[in-house]
Amino acid sequence: MGDMSNSDFYAKNQRNEGANHAAGFGCSLMELRSLMELRGTEAVVKLQEDYGGVEGLCKRLQTSPTEGLTGAQGDLDKRKEEFGKNLIPPKKPKTFLQLVWEALQDVTLIILEVAALISLGLSFYHPPGETSGESCGSVSGGVEDEGEAEAGWIEGAAILLSVVCVVLVTAFNDWSKEKQFRGLQSRIEQEQKFQVVRGSQVIQLPVSDILVGDIAQIKYGDLLPADGVLIQGNDLKIDESSLTGESDHVKKAADKDPMLLSGTHVMEGSGRMVVTAVGVNSQTGIIFTLLGAGVEEEEKKEKKVKKQDGAAAMEMQPLKSAEGGEEEKERKKVSIPKKEKSVLQGKLTKLAVQIGKAGLLMSAITVIILVLYFAIDAFVIQKRPWLPECTPIYIQYFVKFFIIGVTVLVVAVPEGLPLAVTISLAYSVKKMMKDNNLVRHLDACETMGNATAICSDKTGTLTTNRMTAVQCYIGDVHYKEIPEPGVLPPKSLDLLVNSISINSAYTTKILPPDKEGGLPKQVGNKTECGLLGLVLDLKRDYQPIRNQIPEEKLYKVYTFNSVRKSMSTVIKLADGSFRMYSKGASEIVLKKCSHILNEVGEPRVFRPRDKDEMVKKVIEPMACDGLRTICVAYRDFSSDPEPNWDDENNILSNLTAICVVGIEDPVRPEVPDAIRKCQRAGITVRMVTGDNINTARAIAIKCGIIHPGEDFLCIDGKEFNRRIRNEKGEVEQERIDKVWPKLRVLARSSPTDKHTLVKGIIDSTMVEQRQVVAVTGDGTNDGPALKKADVGFAMGIAGTDVAKEASDIILTDDNFSSIVKAVMWGRNVYDSISKFLQFQLTVNVVAVIVAFTGACITQDSPLKAVQMLWVNLIMDTFASLALATEPPTESLLKRKPYGRNKPLISSTMTKNILGHGVYQLIIIFLLLFIGEQIFDIDSGRNAPLHAPPSEHYTIIFNTFVMMQLFNEINARKIHGERNVFEGIFRNPIFCSIVFGTFAVQIIIVQFGGKPFSCQPLDLEKWMWCVFLGLGELVWGQVIATIPNSKLRFLRRAGQLSQKDEHPEEDVNEENEEIDHAERELRRGQILWFRGLNRIQTQIEVVNTFKSGTSFQGAGALRRQSSTTSQNQDSARSAGLRVIPTA
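A brief report on the enclosed structure follows. (Residues numbered from 1 in each chain as written. Predicted model: local features only at pLDDT ≥ 70, side-chain atom pairs only at ≥ 80, totals over all residues. Heavy atoms only, no water.)

The mixed open sheet is built from 8 strands, whose spatial order is S8-S26-S25-S24-S9-S21-S23-S22. At either end of the open sheet lies a strand with only one pairing partner, and these are strand S8 (437-439) and strand S22 (713-716). Averaged over neighbouring strand pairs, the angle between their axes works out to 20° when direction is ignored. Here strand S9 (residues 453-456) pairs with strand S21 (residues 684-688) via 4 bridges, running parallel. Across the sheet, residue Cys-455 finds its bridge partner in S21, namely Arg-686. Contacts from helix H27 (residues 717-724) reach S22 and strand S23 (743-747) within the one sheet, and its direction differs from that of S22 by about 100°. (Pairing = 2+ DSSP bridges. Helix = DSSP H or I, 4+ residues; strand = E, 2+ residues; numbered from the N terminus. Axes fitted to C-alpha atoms, helices over the stretch in contact; angles between N-to-C directions. Contact = heavy atoms within 4.5 Å.)

This part is about the pairing of S21. Counting buried positions over the 5 residues of S21 gives 4, a clear majority of the element. Sheet topology note: the S21/S23 ladder contains 2 bridges and is parallel. Following the sheet pairing, Val-688 is matched in S23 by Leu-746. (Buried < 20%, exposed > 50% of the residue type's maximum accessible area, 1.4 Å probe, protein only.)

A separate point is a positive patch on the surface. A surface patch of positive charge is lined by Lys-179, Lys-430, Lys-431 and Lys-434. For the positive patch, the element with the most residues is helix H17 (residues 416-434), which contributes 3 residues. Along the polypeptide, Lys-179 turns up in helix H10 (residues 153-191). (Patch = residues over 30% accessible without salt bridge, like charges linked within 9 Å, V, L, I, M, F, W, Y side chains within 5 Å. Areas by Shrake-Rupley, 256 points an atom, 1.4 Å probe, with all protein chains shown as cover. Salt bridge = Lys/Arg side-chain N within 4 Å of Asp/Glu carboxyl O. Lys, Arg positive; Asp, Glu negative; His and termini not counted. Charge placed at Lys NZ, Arg CZ, Asp CG, Glu CD.)

Relative orientation of the contacting elements helix H34 (residues 907-935) and helix H35 (residues 951-970) amounts to 155°, with a least axis distance of 10 Å. With respect to their mutual orientation, H34 and H35 come out roughly antiparallel. Considering the relative orientation of H34 and H35, their crossing is right-handed. Seen from H34, the contacting residues are His-916, Tyr-919, Gln-920, Ile-923, Ile-924, Leu-927, Leu-928, Gly-931, Glu-932 and Phe-935; seen from H35, they are His-952, Tyr-953, Ile-955, Ile-956, Thr-959, Phe-960, Met-963, Gln-964, Asn-967 and Asn-970. Here the contact of H34 with H35 is built from residues that sort into 11 nonpolar, 8 polar and 1 charged. (Parallel < 35°, antiparallel > 145°, perpendicular 65-115°, else oblique. Left-handed = near helix turned anticlockwise from the far one by under 90°. Nonpolar A, V, L, I, M, F, W, Y, C, P; charged D, E, K, R; others polar.)

In this section: the environment of Phe-998. Within the secondary structure, Phe-998 sits in helix H36 (residues 988-1007). Relative accessible area serves as the criterion here: at 27%, Phe-998 is assigned to the partly exposed category. Distance from Phe-998 to Val-961, taken between C-alpha atoms, is 8.8 Å for residues 37 residues apart in sequence. If we ignore the near neighbours within four places in the chain, the residues touching Phe-998 are Met-962, Leu-965 and Val-1026.

Our next topic: the nonpolar core. Note that soluble globular proteins tend to have their nonpolar side chains buried in a common cluster. In terms of nonpolar packing, the biggest core is built from 116 residues, with Met-448, Ile-705, Phe-793, Phe-816, Leu-837 and Phe-957 touching the most fellow members. For this core, the leading source of residues is helix H32 (residues 816-858), giving 20 residues. (Core = buried A, V, L, I, M, F, W, Y, C linked by side-chain atoms within 4.5 Å.)

Now for a nonpolar patch on the surface. A contiguous nonpolar patch, built from Phe-96, Val-164, Leu-168, Phe-172 and Trp-175 and spanning about 440 Å² of accessible area, is present on the exposed surface. Per element, the largest residue contribution to the nonpolar patch is 4 residues, and it comes from H10. Structurally, Val-164 can be placed in helix H10.

Within the secondary structure layout, Asp-938 lies in the loop between H34 and H35. Each C-alpha atom, one on Asp-938 and one on Glu-951, is 7.6 Å from the other, the two residues being 13 residues apart in sequence. The contacts of Asp-938, once residues within four sequence positions are left out, are Glu-932 and His-952.

Turning our eyes to something else, we now look at the packing of aromatic side chains. With the rule as written, the count across this model stands at 13 aromatic pairs. When the centroid spacing of 6.2 Å and the interplanar angle of 20° are considered together, the rings of Phe-925 and Phe-929 count as stacked. You can see Phe-925 and its partner Phe-929 sitting in helix H34, 4 residues apart, about one turn around the helix. Considering the side-chain rings of Trp-1024 and Phe-1027, the 5.8 Å spacing of their centres and the 85° angle between planes classify their relative orientation as edge-to-face. With Trp-1024 and Phe-1027 both in helix H37 (residues 1019-1041), this residue pair falls 3 residues apart, about one helical turn. (Phe/Tyr/Trp six-rings, centres within 6.5 Å; stacked < 30°, edge-to-face > 60°.)

All chains considered together, the criterion is met by 35 salt bridges. In this structure, Glu-552 and Arg-272 form a salt bridge, with 3.2 Å as the shortest nitrogen-oxygen distance. Of this pair, Glu-552 sits in the loop between helix H21 (543-548) and strand S14 (556-558) while Arg-272 sits in strand S7 (residues 265-277), and the two are 280 residues apart along the sequence. On the basis of relative accessible area, Arg-272 is assigned to the buried category, the value being 6%. The structure contains a network of salt bridges with shared partners spanning Asp-673, Arg-676, Lys-677 and Glu-890.

Let us look at the side chain of Asp-227. Looking at where Asp-227 falls in the secondary structure, it is placed in strand S4 (residues 227-239). Of note is the side chain of Asp-227, whose polar atom sits 2.8 Å from the backbone nitrogen of Ser-262. When near neighbours in sequence (up to four residues on either side) are disregarded, Asp-227 contacts Met-36, Leu-260, Leu-261, Ser-262, Val-274, Val-275, Thr-276, Ala-277, Asn-281, Ser-282 and Gln-283. (Polar contact = N/O pair within 3.5 Å; in protein donor to acceptor, adjacent residues only side chain to side chain.)

Next up, the structure:
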């Protein structure tokens, strides 16, 4: 696909070459492409020589560096036609047929198909001669008439048919799953918008609408959406590691290195660029089209490299060309060790292994017993010789036995499990959208249910992120509310207004409210909005000042970053001297001030003891009211000699303070309640913020994170580092363990502190449950902490693209209470899976035991292969749909999180499974052995080979299904609740599936006939079947009264032992994923690989999502999973022989 589109592409361009200049643009696509391949000074020279600089380039592209494109539709269409759209076409999804083919690869199904085909073939074979019937004895006896013998093919055909059904259902599920993934991807992509100037208005455009010639405004934290040339930049630093593998940030300037490439991250500064290449013509796009062809081979190679030697991948030297860089990126992606399995998956894999083994054992024993019984009966007791002409008949018997055995296996393997997980997750993800959670990685949703700690930002998450200046200190007076402008010294007022208007990002504005009487709209950096609001409150306007000194005239800008914690802008005054305006966190900027403006607006000396007094009298009281304090200052420089602007420490000193502003960011009204819910649910909320400690503490009390009189810690970053680091300055785990349990507020923290804290809590071993930590973040530098956390939440509104890339869930409304919703959904997923398990295991236990004992005692399974497949289909597929889509309730938040070591099947569930199992077995065996007397019908036991279906066995089948149906209602509650009907009508899917199954069951029994081995029943018998089924509900109440304490022995099933908890300790890194359970699996038990394989596929899907297949889409996932599992196998056979199995 890749090659083709590439060559087409070039051909088209060749044709366009001539047309291009005619179309009115002064440069063609290929010229721009070759321009974008240059770097550094080469690029500057080429731009100057061929285009006459950036201005010349803009002229040729018919765009204005300040006003952007006109935005006229005709012009935009022409550009799309000429230079392409900003889209990289996704990989083709798998077709439905491919998915069907994949579902057919299932081992158990293949065995069934083979058996069915043999049975089909034999049914058409009639041995020669009439006598064979007699000579083969009673074995073939009892065939009433020719018509019945003719119908022998039906069973084989029916099995094939049911296999087809199972396959179609599986394929359909995979298909809808993939479709959902794609929907999710496109949702994530639509979320991304970018600031572009069109018709001299700054607008937010979806990334896919950006065209060549657009003027894009770039700022800290952006992920560049297209290639471009920098027009003007302030202090711009770009992380190009995704393209070149260079980890150092690259400085960009219009006169040194103006080339900006798509897919790279802005780490500092701001600027404007003219877009020169979009979509497949951008550097990232070119690489993707190149990769398009080689991706499959690449991936296979990649996986091998990974398995053999993770280190080798890292040692390969990064090539400096773009393609090499991308390979390097691929390498990097591959050698990152995977996050450990999510809790649920670990437990499920282990459980599937346990069940699969049991099923395999049972089915093997069933087959052996049947064969031996038949052989002994026919050849030993009746001493019959083996006649050649009877062989087909004997073989037919053996095939029948084999089919029964396989059926037992089919029922035993809970292939509905992975399905239930997927359905439940996909359903939750869809619904979570409505609760403002955009889930990027499926399993984050379930991990969230186990969260024990949340480390939250303050600004915007706990607070409204609408900054308003409420206090200020100007000219030696502390105003508790914003003063009238007449009271202030005019000199100070002018300096203040100029300083705020010029020394803030020009993209920050305050716009009139959307609706009448609403609050004015704040655009851009919220703190700056608060300051601009102060200017407006002082009856002044910032716009005229900005118009007078447009962005191009700013002489030098030191943008805000987490190290400086301040922002400064230098302008050249009319007399040639320079003035620098500065603003930032008050304690930081005041340290650099040597003067302060007095009551008439003249600078006076500002001594250290004045500073201390100021901190005590002004800053601390403001902070204790929960205000963020910002200091505004300035400094004048002479023009001769011009200062060395790169020597930051000297430039940012000897400042003159103009004023200190207290900015309030009120707590969101719904947050205190949400935090109360978290605490009740056993989740500790910690606040990690860059604000000063008093502000942070004040807000924490308002939110209810800390309650006066409790024993807790509120410390700042300095103190935190002092406590957790040893003399050498290294972080020590045991020191962190002393701090984190009581820590509630970490103030003035740097991004690294956040990461250290998260890592410390996750790695801590002092509590018996490993902590599961969720983190919120919005800044570029929160990336590491978001990645490290079990679940990373990025802010959808305030968050930078970099943070969103690193996160698992995006909060589309930036609101803390949405996190609580995520917890609720996560717990709901876990409960849904448990409900399904409880139901599924009851079915499995009963069906297996019935088939097994029935086969041993009556030489025939009371439940026929086709019936088993139907039971399997409804009980697996439909039940997983019904039980996995239960909506969550508030009561989920009233219990503590399940730990990582809590068994998947709780004691209550085990009690239910065994209890209902006992009831169903008693009923079925009663029906099997004395049913013919109760109902006064012919016995169906010991029927010959092709006997017609009996009413007796039909009743057993029907009762069995009815009991499952009513038990499905029981399964809705897993914590021993009495009322199983509570909220049942809130779940329409559940109701429709129960009624649907019932309807289909009536059709099967009444009209199923030979293929389903059913004989139509009359009303009375139906009533009995339904009545026995209803008994399940009554019996459920009986079970609920038995106390769990009597059932100590039930505790072990599905539990993760400590050993599985950290598989990486005893297996080296690359084999991290291969845990205990999977190791046992290597001992030749491939048969039930089916259930596991599906689970593995899901794990792969989820993992692939983690490693960020933002471009490859879900198409590559399934393929990747299959190569992975193959390679895991080879790795295991190669490398794991050495590991002693515990």
